[in-house]
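Report on the structure
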Amino acid sequence: MRALMIALAIILFSIRANSQVITTADSIHRMLRIYEDNDFMNVRGKGTDESYTNGTRLDYFYQRQSAPRFIDKWLLPRTGKNAINTTHWSLMHIMITPEDIRTPKYQPNDYSYAAALILAHGLDSYDPQRKFSLQSELIMGVMGPLAFGEELQKWFHKVLGYTRPRGWDNQLPNAPLLNYNFTYEKMVWQPGPALEMIGGASGYAGTMLDGAAVHATLRAGHMNPYFGIPRGSGLQEKKFQVYAFLRPTVEYTLYNALLEGGLFSWRNSRFEINRSFKTATLNPWVSRIDYGVTLAFRRYILAYTQKTQSASLKGTRQHEVGNVSLYIRL
């Protein structure tokens, strides 16, 4: 029965559905991405409903014709005059829960209930000649009851006939979220058009997440270049693509509002009482490995990613999340 439900979930999410390793650097003018993270989608058939349990995101990518102004000019840098620059606006909802969602009691040795609703604005700037990229993003939003995590999870579980979550009264309180995220990537090995290895480093700062990460991305298959096709090269984009990818990451986290409580949370007396009993504290060093497959044909790109991460809180478990994403060129 569980295998049947997992298969059904994958089909449903494919219809409405990112791989973190798909570049939007190719010659697009407008693109829509529908993105769904869920820990119920598990290639081993052992779906869960805990930790980072769900992330739904809608992105609109476009290539602007005018020069950047104001914040875009100073905080969203470009790689140079030969860059392929793709701007995006995104809306995302995130939910985090403990392992046991049946009890209404506070669970000090596990993840707290948390939800966030965020608006993101960013720029992916790729240099196809020098084969590197700068990816920058501004995050604005809110966490806590104002993000409607309780209502969404209860509704979704009711539709599926799944366990009713009963502990949302203990969720982390309302707090504003403002963050700046930056990633640098560079081609480090490319023996041929069917194999690429890209290295990268990221940094995050703000009221949502503070930390840094390093990663490597290996892609193999029939695909377009990760950093795009240089203008005037005479090369043509592949209309059909199919490739596999692998992306190990090591991350250091100094602060995470969705795990520890956000700005001004200390004003909430219930949060302060619960925090005094908390035993599952932040684990600053985590490792993650993402792997999956991508299929692209003409206007559409469909990807499935499996993400396995070590425990974000001390004393808890490693966690797996599946992702299905659908890109549509407009």
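Residues numbered from 1 in each chain as written. Predicted model: local features only at pLDDT ≥ 70, side-chain atom pairs only at ≥ 80, totals over all residues. Heavy atoms only, no water.

Further remarks concern the side chain of Asn179. Its place among the elements puts Asn179 in strand β6 (residues 175-192). Polar contacts involving the side chain of Asn179 include one to the main-chain amide nitrogen of Thr207, which spans 3.5 Å. Looking at Asn179, its side chain comes within polar contact range of the main-chain nitrogen of Leu209, at 2.9 Å. Ignoring any residue separated from it by four or fewer positions in sequence, one finds Asn179 in contact with Glu137, Leu138, Ile139, Tyr204, Ala205, Gly206, Thr207, Met208 and Leu209. (Helix = DSSP H or I, 4+ residues; strand = E, 2+ residues; numbered from the N terminus. Polar contact = N/O pair within 3.5 Å; in protein donor to acceptor, adjacent residues only side chain to side chain. Contact = heavy atoms within 4.5 Å.)

The next thing to look at is the confidence of the model for the protein chain. Low pLDDT means the predicted atomic positions in that stretch should not be read closely. Looking at the protein chain, pLDDT values average 88 and 89% of them are 70 or higher. Across residues 1-20 the pLDDT falls below 50, and counting only partners more than four positions away or on other chains, this stretch makes 50 contacts in the model. (pLDDT = per-residue confidence, 0-100.)

Along the polypeptide, Met31 turns up in strand β1 (residues 30-38). Considered as a pair, Met31 and His88 are 57 residues apart in the sequence and their alpha carbons are 9.2 Å apart.

Right, let's get into the sheet that holds β6. The strand order around the closed barrel formed by 12 strands is β1-β2-β3-β4-β5-β6-β7-β8-β9-β10-β11-β12, and the pairing between neighbours is antiparallel. For this sheet the average axis-to-axis angle between neighbouring strands, irrespective of direction, equals 20 degrees. Bridging between strand β11 (residues 300-309) and strand β12 (residues 319-329) involves 10 bridges; their strand directions are antiparallel. Residue pairing across strands places Ala303 opposite Ser325, the latter belonging to β12. Packing against the sheet, helix α3 (residues 149-160) makes contact with β2 (51-62), β3 (84-97) and β4 (114-127), and its axis sits at approximately 75 degrees to β3. (Pairing = 2+ DSSP bridges. Axes fitted to C-alpha atoms, helices over the stretch in contact; angles between N-to-C directions.)

A few words now on the pairing of β12. Across the 11 residues of β12, 11 count as buried, placing the element largely inside the fold. A two-sided burial pattern is seen for β12, the buried positions comprising His319, Val321, Asn323, Ser325, Tyr327 and Arg329 on one face and Glu320, Gly322, Val324, Leu326 and Ile328 on the other. By the bridge criterion, eight bridges tie β1 to β12 in an arrangement that is antiparallel. Within β12, the position partnered with Asn38 by the bridge is Gly322. (Buried < 20%, exposed > 50% of the residue type's maximum accessible area, 1.4 Å probe, protein only.)

All chains considered together, the criterion is met by 16 salt bridges. Notably, a salt bridge pairs Glu137 with Arg57, separated by 2.8 Å at the nearest N-O pair. With Glu137 in strand β5 (residues 132-143) and Arg57 in strand β2, the pair connects residues that are 80 residues apart, well separated along the chain. Counted as one network, the salt bridges with shared partners bring together Arg33, Arg57, Asp59 and Glu137. (Salt bridge = Lys/Arg side-chain N within 4 Å of Asp/Glu carboxyl O.)

A surface patch of nonpolar side chains, about 510 Å² in accessible area, is lined by Trp89, Leu91, Leu117, Leu119, Met140 and Leu178. Secondary structure elements with two or more residues in the nonpolar patch: β3 and β4. Within the secondary structure layout, Leu178 lies in strand β6. (Patch = residues over 30% accessible without salt bridge, like charges linked within 9 Å, V, L, I, M, F, W, Y side chains within 5 Å. Areas by Shrake-Rupley, 256 points an atom, 1.4 Å probe, with all protein chains shown as cover.)

Attention shifts here to the packing of aromatic side chains. Scanning the model with the defined rule gives nine aromatic pairs in all. Between the aromatic rings of Phe132 and Tyr184, the centroid separation amounts to 6.0 Å while the plane-to-plane angle is 40 degrees, which identifies the pairing as tilted. Of this pair, Phe132 sits in strand β5 while Tyr184 sits in strand β6; the two residues are 52 residues apart in sequence, bridging distant segments of the chain. By relative accessible area, which is 36% here, Tyr184 ends up partly exposed. When the ring of Tyr226 is compared with that of Phe227, the centres are 4.9 Å apart and the planes differ by 80 degrees; the resulting orientation is edge-to-face. With respect to class, Tyr226 is no different from Phe227; both count as buried. Clustering of aromatic rings is evident, with ring pairs tying together Tyr126, Tyr226 and Phe227. (Phe/Tyr/Trp six-rings, centres within 6.5 Å; stacked < 30°, edge-to-face > 60°.)

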